[in-house]
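So the chains spell out like this:
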Amino acid sequence: MGTPFIALLEPTPLAWERALPPASQPASASIPRTFLDAMTVRSEVFVQEQNIPQSNEFDPDDPRCAHWVIYASVNQTIAPAVTDPTTGEVIRPRQSETKSLPIGTVRLVPFPHPPHPRKGGVYVDGELINTTTTTTPPNGDTPLPVQPLTSQEQEQARRASTIPTFTPDRPTTLHDGREPYVKLGRLAVTKEFRGRGLAGQLVRTAVDWMRKHPSYFDPSPAERGFEHLGMEQGGTLPRWNGLFCCHAQVDAVRAWEKSGFQVDQEMGEWMEEGIPHVGMFLRVQVEPEAKQV
Ligand SMILES: CC(C)(COP(=O)(O)OP(=O)(O)OC[C@H]1O[C@@H](n2cnc3c(N)ncnc32)[C@H](O)[C@@H]1OP(=O)(O)O)[C@@H](O)C(=O)NCCC(=O)NCCS
């Protein structure tokens, strides 16, 4: 494998058919190549390997996200060598070409976000589906208590499933419930390329980009309207100040820790698409931005 390179796709409208795999998306949809490649990796890892339904892989956050894709330059045989059957002499040598193969991806979801997941909650396609008071983890351990949603939280969750608005969240160990944070997610590296530090490279790239563009997602009242900015609660304009979150699969916590993320004990554990998850945070120093001229 040659030196991998990373491409960035900034937020962009996406016409994606949720039920279809990347290779079957209609050509007329003009989907950016980088996004198609991100979805190819995500489908291979999350849909084929982890059995998440294809239709749950794309979500309404994708168009507002920044996406990074890491590529490997690989040499592929496009036609095998042809030999003379009697003499064994090569008549035509093997033909090969170097291709850029998408092998990993991560996305960055800007704020605002839906409320932090419930401890012991069970989520499918971003929706809380368990309304009972306990849930049994897959390893057969003691059932986890699930606190029922208050009517205010139900309303928040309903609004969050469309366009989230700035509403205060419950405070946790590493988040005061109010500070705007960006969320890294859908981190995936295809099986044969794991264990070479590529996930770390993707996360570092996204974190560095955000540090250099700290105001990229800061909203303006002119665009969103004051009622969405939490100003009615006496808040100030939300400004990102270096806080990242991720909802990590429990098996991938080590990979996130290698990039500096810490588990938020108070957020607890919950199930997303049948996989146990925990919340993690990372705080970085933002870099002053060059003044626009
Ligand atoms: C998690 C994942 C993205 C890591 O990709 P990767 O390129 O292999 O990760 P890196 O090589 O950068 O590894 C970073 C560190 O995490 C460790 N690590 C990576 N995956 C791990 C796993 N599944 N379990 C335990 N440790 C893991 C690595 O050993 C490495 O630590 P080390 O340098 O001390 O050995 C990859 O395993 C993957 O795609 N898994 C399936 C999808 C998934 O779980 N995504 C995470 C969603 S939150």
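Calculation notes
- Residues numbered from 1 in each chain as written.
- Predicted model: local features only at pLDDT ≥ 70, side-chain atom pairs only at ≥ 80, totals over all residues.
- Heavy atoms only, no water.
- Disulfide = S-S within 2.5 Å.
- Buried < 20%, exposed > 50% of the residue type's maximum accessible area, 1.4 Å probe, protein only.
- Near = heavy atom within 4 Å.
- Polar contact = N/O pair within 3.5 Å; in protein donor to acceptor, adjacent residues only side chain to side chain.
- Areas by Shrake-Rupley, 256 points an atom, 1.4 Å probe, with all protein chains shown as cover.
- Helix = DSSP H or I, 4+ residues; strand = E, 2+ residues; numbered from the N terminus.
- Contact = heavy atoms within 4.5 Å.
- Core = buried A, V, L, I, M, F, W, Y, C linked by side-chain atoms within 4.5 Å.
- Phe/Tyr/Trp six-rings, centres within 6.5 Å; stacked < 30°, edge-to-face > 60°.
- pLDDT = per-residue confidence, 0-100.

### Brief notes about the state of the cysteines
In a disulfide, the sulfur atoms of two cysteines are held together by a covalent bond.
Right, so step 1: Evaluated as defined, the whole model comprises zero disulfides.
Right, so step 2: Looking at C245, it has no disulfide partner, and the nearest cysteine sulfur is the one in C246, 6.3 Å off.
Right, so step 3: Taking relative accessible area as the criterion, C245 reaches 0% and is therefore assigned buried.

### Let's talk about the site of the ligand
Right, so step 1: Looking at the ligand, there are 22 residues lining it, with L187, V189, G195, G197 and D251 nearest.
Right, so step 2: A199 is positioned with one of its backbone polar atoms (N or O) 3.0 Å from an oxygen atom of the ligand.
Right, so step 3: Residue D251 places a main-chain N or O atom 3.0 Å away from a nitrogen atom belonging to the ligand.
Right, so step 4: Burial of the ligand by the surrounding chains reaches 72%, relative to a free accessible area of 880 Å².

### Here we look at the side chain of D59
Right, so step 1: Inspection of the secondary structure assignment puts D59 in the loop between α1 (33–49) and β2 (66–79).
Right, so step 2: Residues in contact with D59, not counting those within four places in the same chain, are R18, R107 and R186.

### Thoughts on the nonpolar core
Right, so step 1: In terms of nonpolar packing, the biggest core is built from 34 residues, with L108, L184, F244, W256 and F261 touching the most fellow members.
Right, so step 2: Secondary structure elements with two or more residues in this core: β2, β5 (95–109), β10 (182–189), α3 (198–212), β11 (243–249), α5 (253–258) and β14 (275–283).
Right, so step 3: The leading source of residues in this core is α3, at seven residues.
Right, so step 4: With residues near it in sequence (within four places) discarded, F261 still touches L184, V203, F244, C245, C246, W256, M280, F281 and L282.
Right, so step 5: Of all hydrophobic cores here, the second largest spans eight residues; its members include L14, W16, F35 and F58.

### Digging into the packing of aromatic side chains
In this description, a pair of aromatic rings is defined by centroid distance and the angle of the planes.
Right, so step 1: Here the structure, examined in full by the defined rule, presents eleven aromatic pairs.
Right, so step 2: Pairing F35 with F58 gives two aromatic rings, centres 5.9 Å apart and planes at 85°, and the pair type is edge-to-face. Pair noted here: F35 is in helix α1 and F58 is in the loop between α1 and β2, with a separation of 23 residues, a long-range link.
Right, so step 3: Here the aromatic residues W68, W209, Y216 and F217 are joined through ring pairs into a cluster of three or more.

### So, the confidence of the model for the protein chain
Right, so step 1: Per-chain confidence: the protein chain averages 86 in pLDDT, with 82% of residues scoring 70 or above.
Right, so step 2: With pLDDT under 50 throughout, residues 132–138 is counted as low confidence; its partners more than four residues away or in other chains account for 19 contacts.

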